[in-house]
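The residues making up each chain are set out below.
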Amino acid sequence: MTRPESRHLAGTPPTSGPRDALAGGRLTVDLGALADNWRTLRDRLHGASCGAAVKGDAYGIGLEAAAVTLSEAGCETFFVALPDEALQVRAILPDAAIHVLDGLFPGAAGDYAAANLIPVLGSMPEITEWAAFCAAQDQRLSATIHIDTGMNRLGLRLDEARALAEDAATLSTFHTVLLMSHLTCAGDAAHPLNAMQLARFREITGLFPGIPRSLANSAGIFLGPEYHFDIARPGIALYGGEAVDDTPNPMRPVATLEARVLMLRDALAGESVGYGAAEVLARPARLAILGTGYADGYNRLAGNGGGTPAAQAWIGGHFAPLVGRVSMDLIAIDVTDVPAHLCERGAWVELFGPMFRLIASRLARKPSDTNC
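Described below are features of the structure shown in this document. (Residues numbered from 1 in each chain as written. Predicted model: local features only at pLDDT ≥ 70, side-chain atom pairs only at ≥ 80, totals over all residues. Heavy atoms only, no water.)

**Focus on the overall build of the chain**
Stated formally: Secondary structure elements follow DSSP: runs of H or I no shorter than four residues count as helices, runs of E no shorter than two count as strands, and numbering proceeds from the N terminus. Accessible area is worked out with a 1.4 Å probe on protein chains only. A residue is then buried under 20% of its type maximum, exposed over 50%, and partly exposed in between. Two residues form a contact once any of their heavy atoms are found within 4.5 Å. Only the protein chains shown count as covering a residue, and every accessible area follows the Shrake-Rupley method with a 1.4 Å probe.
From N to C terminus, the chain includes 11 helices and 19 strands. The burial tally for the chain puts 51% of its 372 residues in the buried class. Across the chain, the fraction of contacts at a sequence separation of at least 24, relative to all contacts at a separation of at least 6, is 65%. Counting only carbon and sulfur atoms, one obtains 52% of the accessible surface of the chain, whose full area is about 16,800 Å².

Here it is as structure tokens:
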């Protein structure tokens, strides 16, 4: 199994190697779990291949390490958001198929072609520019066509896709290697938009016979084989995130976030904690102040105050709720019920990770009462 790698958080001095003694927080990435998650998703597919979305620095765990790990596990097709990300993947995976989801940037066709990148064309101006470039180079370069079936974000409108299907001259200038769309509500298996998007996708892609198709994101894989088509594009589930609402998550946690205890302090009932006096203590409490905050990507809404439920930390086999708001680089937790010898200055507290199966995606949810 690939060994986990540690990455320090914001505020850590730049170093050539791990220096836990100088870090307020640390993120440990289990690349073996990443590979296992990809294989788990691959094995759920029925006749389809499994790609991987590695956009956003591979969801924050490190693009290069993630791409190499996934490639070694058997992944051959990668999806990124930006051409800059695609160039990073190309530098380490010279033979991979790399699709740029954010499309063709104006005037950048030569850069895509030079690195053998596949633009995901989601508008007629992009298609026109790519077709003109291919014609000028006298090369049928690869492209993916993105069709909007309900997201109302990127992608051709249905009428534009129908018109393109009849435009043989334009289509002949480049090689369409994939037709794709993106599911809007796949996390809710019962949502009627899933079936509507599936029907639209089948109808529109039927106008482009013989071209591979892709509809399933992470949650789409769990909707069943009718959504799988030729290739799936899992993202969040690869990294241990919860793709489907209100169901047990079968994915292994990939990232573990820990924060250092900077100090301990006693506070009295009736005293407030943190900015805005957002939480007033109902009892005397022992507080641990942690050296991590929203500057490190920990959700500011995970704190307590104004009636919103707080997240919990894990220390020495005990839960400890957050108290007050999450600050830029500080968090307070209530360790009154944690044995003192388990929570001392310098100890590490887990904010999410495998010890108590708190997946990061749960922290990303926005509470109904967002008092921040």
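**Quick word on the sheet that holds strand β10 (residues 213–214)**
As a reminder of what qualifies: Two strands make a pair as long as DSSP finds a minimum of two bridges between them. To obtain each axis, a line is fitted to C-alpha atoms, and for helices this fit is confined to the stretch in contact; angles are then taken between N-to-C directions over 0 to 180 degrees.
Judged by pairing direction, the sheet is parallel, and its 7 strands sit side by side in the order β4-β5-β6-β7-β8-β9-β10 without closing on themselves. Unpaired on one side and paired on the other, β4 (52–53) and β10 mark the two borders of the sheet. Where β4 meets strand β5 (residues 77–80), 2 bridges bridge the pair, whose relative direction is parallel. Note on β5: the bridge partner recorded for A52 is F78. Together, β7 (118–121) and β8 (142–146) form the strand contacts of helix α6 (residues 124–137), whose direction differs from that of β7 by roughly 145°.

**Describing the packing of aromatic side chains**
The condition that has to hold: By convention, a stacked pair of Phe, Tyr or Trp rings (six-membered ring in the case of Trp) has centres within 6.5 Å and planes under 30 degrees apart, an edge-to-face pair has planes over 60 apart, and any other such pair is tilted. Counting as a charge over the ring demands two things of the Lys NZ or Arg CZ atom: a distance within 6 Å of the ring centre and an angle within 35 degrees of the ring normal.
All told, the structure shown has 5 aromatic pairs when counted by the stated rule. An angle of 20° between the planes, with centres 4.6 Å apart, marks the rings of Y59 and Y239 as stacked. Of this pair, Y59 sits in helix α2 (residues 55–59) while Y239 sits in the loop between β11 (231–232) and β12 (255–267), and the two are 180 residues apart along the sequence. Overall, Y59 belongs to the partly exposed group, its relative accessible area being 33%. Ring pairs connect the aromatic residues Y112, W130 and F133, which therefore count as one cluster. Just above the ring of W348 sits the side chain of R26; from NZ or CZ to the centre is 4.1 Å.

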